[in-house]
Amino acid sequence: MWPANVLFIGCGNMGGAMLAGWLRGGVAAERFTVYDPFLEAAPEGVELLRELPEGRVFDLLILGVKPQMLDGVAGALTALAGRDTVVLSMLAGVEMASLSLRFPDARGLVRVMPNLSAALGKSPMGVAAMGLDHEARECVMAWLAPLGAPEWVDESLFDAVTALAGSGPAYVYRFIDALAQGGAALGLDPEQSLRLALATVDGAAALASGSDVGPGELARRVSSPGGSTLAGLSVLDAGDALGALVLGTLTAARDRNVELGAMARAAGK
Ligand SMILES: NC(=O)C1=CN([C@@H]2O[C@H](COP(=O)(O)OP(=O)(O)OC[C@H]3O[C@@H](n4cnc5c(N)ncnc54)[C@H](O)[C@@H]3O)[C@@H](O)[C@H]2O)C=CC1
Ligand SMILES: O=C(O)[C@@H]1CCC=N1
């Protein structure tokens with residue numbers, strides 16, 4: 001079954017979440033090797049290397065370093081990224097054209113944009129590939145499936161997908177914090193307020209995910225005519241301030257991804 005063996009190059013927050021997701025999904029730990037000079041420990045059964053392996057061939061190389069570190073590692077990976085090896089990158093902003101300059105001999109390239117929910121098998125994932133035939137692309141999707149919901153995305157939209165789905169958990173966490181702090185300001189015990197906020201977001205997201213109607217209709221169903229939810233929504237919806245704030249947030253994140261991509265393009269010339 002492809003990939004028989006997988007080498008992570010850097011396995012911090014995001015790489016670690018993906019690794020945890022595969023292990024949770026039943027993939028054998030022995031199929032994974034991690035090269036990371038700074039990681040304290042790898043999960044049980046996963047080989048952790050402080051030096052790049054020599055004379056070994058991996059089916060899949062997963063780049064899990066920061067985008068700004070690409071050129072700190074790429075040169076040393078030439079021998080590992082040969083014609084039997086697919087290179088998969090989770091790096092924000094960095095385009096496949098930039099990757100193909102660094103890994104010209106690789107069997108193919110895959111870009112994936114997951115988020116930390118991969119650890120629970122609940123990550124949305126944008127996926128794009130280069131140099132892989134239909135069968136290999138199907139294998140990539142099957143390989144990513146234990147992490148959540150992979151879907152093909154045109155690479156030109158990757159920076160937007162990264163802003164929404166990659167960074168998105170951070171924005172949701174801010175909203176959870178705001179709910180919890182609001183409840184505490186109204187007199188609830190802060191810990192109880194956070195518990196209530198978390199359970200509310202968890203249940204609301206699960207309900208919306210399984211619903212055949214959209215979030216707008218679900219919000220309407222919460223709101224009794226003349227009731228208290230509408231009184232709250234009249235504040236939240238005023239002047240579409242929330243919509244503008246979220247759009248501004250996603251735009252800033254998307255634009256930073258564009259900058260990171262441009263830096264990688266310029267450095268590769
Ligand atoms: N954190 C997140 O939620 C998401 C991150 N990403 C992408 O994932 C990538 C990694 O981000 P994080 O996991 O957040 O960063 P991180 O800093 O947690 O992980 C990076 C890892 O690389 C290791 N490392 C440093 N120098 C190295 C070297 N020379 N060779 C090998 N490994 C080295 C570090 O020890 C660390 O474990 C980034 O490119 C980011 O754009 C993508 C989606 C979501
Ligand atoms: O903050 C970052 O740059 C990365 C990309 C998406 C989430 N974390």
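Residues numbered from 1 in each chain as written. Chains lettered and ligands numbered in written order. Predicted model: local features only at pLDDT ≥ 70, side-chain atom pairs only at ≥ 80, totals over all residues. Heavy atoms only, no water.

### Concerning the overall build of the protein
Okay, step 1: Broken down by element type, the protein carries 10 helices and eight strands.
Okay, step 2: C-alpha atoms of the protein, sized along the principal axes, occupy 70 × 40 × 35 Å.
Okay, step 3: Burial status across the protein gives 38% buried among its 269 residues.
Okay, step 4: Nonlocal contacts in the protein, meaning residues at least 24 apart in sequence, comprise 61% of its contacts between residues at least 6 apart.
Okay, step 5: Put simply, the protein shows about 14600 Å² of open surface, and 59% of that area lies on carbon and sulfur atoms.
Okay, step 6: Across the protein, the 19 positively charged side chains and the 29 negatively charged ones have centroids separated by 2 Å. (Helix = DSSP H or I, 4+ residues; strand = E, 2+ residues; numbered from the N terminus. Buried < 20%, exposed > 50% of the residue type's maximum accessible area, 1.4 Å probe, protein only. Contact = heavy atoms within 4.5 Å. Areas by Shrake-Rupley, 256 points an atom, 1.4 Å probe, with all protein chains shown as cover. Lys, Arg positive; Asp, Glu negative; His and termini not counted. Charge placed at Lys NZ, Arg CZ, Asp CG, Glu CD.)

### Looking at the sheet that holds strand β6 (residues 108–113)
Okay, step 1: The sheet built from eight strands is open, its strands ordered β3-β2-β1-β4-β5-β6-β7-β8 with mixed pairing. At either end of the open sheet lies a strand with only one pairing partner, and these are β3 (47–49) and β8 (148–152). Neighbouring strand axes in the sheet, compared pairwise and without regard to direction, differ in orientation by 25° on average.
Okay, step 2: In terms of strand pairing, β6 meets strand β7 (residues 123–130) through five bridges, oriented antiparallel. Among the inter-strand pairings, V110 is bridged to a residue of β7, identified as A129.
Okay, step 3: Against the sheet, helix α1 (residues 13–24) touches β1 (6–9), β2 (32–35), β4 (60–63), β5 (86–89) and β6, its axis set at about 170° to β2.
Okay, step 4: Set on the sheet, helix α4 (residues 134–144) makes contact with β1, β2, β4, β5, β6, β7 and β8; between it and β8 the angle comes to about 155°. (Pairing = 2+ DSSP bridges. Axes fitted to C-alpha atoms, helices over the stretch in contact; angles between N-to-C directions.)

### What about the UniProt feature "domain: Pyrroline-5-carboxylate reductase catalytic N-terminal" (unreviewed entry) in the protein?
Okay, step 1: What UniProt calls "domain: Pyrroline-5-carboxylate reductase catalytic N-terminal" (unreviewed entry) maps, in this numbering, to residues 6–93.
Okay, step 2: With 19% helix and 22% strand, residues 6–93 has end C-alpha atoms that lie 23 Å from one another. (UniProt positions renumbered as here; feature names shortened; annotations may be inferred.)

### What to know about the side chain of T85
Okay, step 1: By secondary structure assignment, the location of T85 is in the loop between α2 (70–74) and β5.
Okay, step 2: Looking at T85, the relative accessible area reads 2%, which means it is buried.
Okay, step 3: A distance of 3.3 Å separates the side chain of T85 from the backbone oxygen of L80, its partner in a polar contact.
Okay, step 4: The contacts of T85, once residues within four sequence positions are left out, are V57, F58, D59, L60, L61, L80, A106, R107 and G108. (Polar contact = N/O pair within 3.5 Å; in protein donor to acceptor, adjacent residues only side chain to side chain.)

### With respect to the environment of G82
Okay, step 1: Its location among the elements puts G82 in the loop between α2 and β5.
Okay, step 2: Taking C-alpha positions, G82 is 8.0 Å from F103, a pair spaced 21 residues apart along the chain.
Okay, step 3: The residues contacting G82, other than those within four sequence positions of it, are D105, A106 and R107.

### So, a nonpolar patch on the surface
Okay, step 1: The grouping of L236, L242, L245 and V246 at the surface amounts to a nonpolar patch, some 330 Å² of accessible area in total.
Okay, step 2: Here the nonpolar patch gets three residues from one element, more than from any other, and that element is helix α10 (residues 241–267).
Okay, step 3: Mapping V246 onto the fold places it in helix α10. (Patch = residues over 30% accessible without salt bridge, like charges linked within 9 Å, V, L, I, M, F, W, Y side chains within 5 Å. Salt bridge = Lys/Arg side-chain N within 4 Å of Asp/Glu carboxyl O.)

### A few points about unusual backbone geometry
Okay, step 1: For the peptide bond that leads from W2 to P3, omega is -10°, which places it in the cis range.
Okay, step 2: With respect to the secondary-structure elements, P3 resides in the segment before β1.
Okay, step 3: Positive phi, normally seen in glycine, also occurs at D240, with a value near 50°.
Okay, step 4: Turning to its location among the elements, D240 is positioned in the loop between α9 (228–236) and α10.

### Topic: the domain arrangement of the protein
Okay, step 1: Domain annotation for the protein reports domain 1 (6–158) and domain 2 (168–236).
Okay, step 2: Of note, the centres of domain 1 and domain 2, computed from C-alpha atoms alone, are 35 Å apart. (Domains from an automatic or database assignment.)

### Notes on the site of ligand 2
Okay, step 1: In the vicinity of ligand 2, the contacting residues are A92, T162, G166 and S167.
Okay, step 2: Protein burial of ligand 2: of its 250 Å² of free accessible surface, 46% is covered by the chains.
Okay, step 3: Of the residues belonging to the shell around ligand 2, the class tally is one nonpolar, three polar and no charged. (Near = heavy atom within 4 Å. Nonpolar A, V, L, I, M, F, W, Y, C, P; charged D, E, K, R; others polar.)

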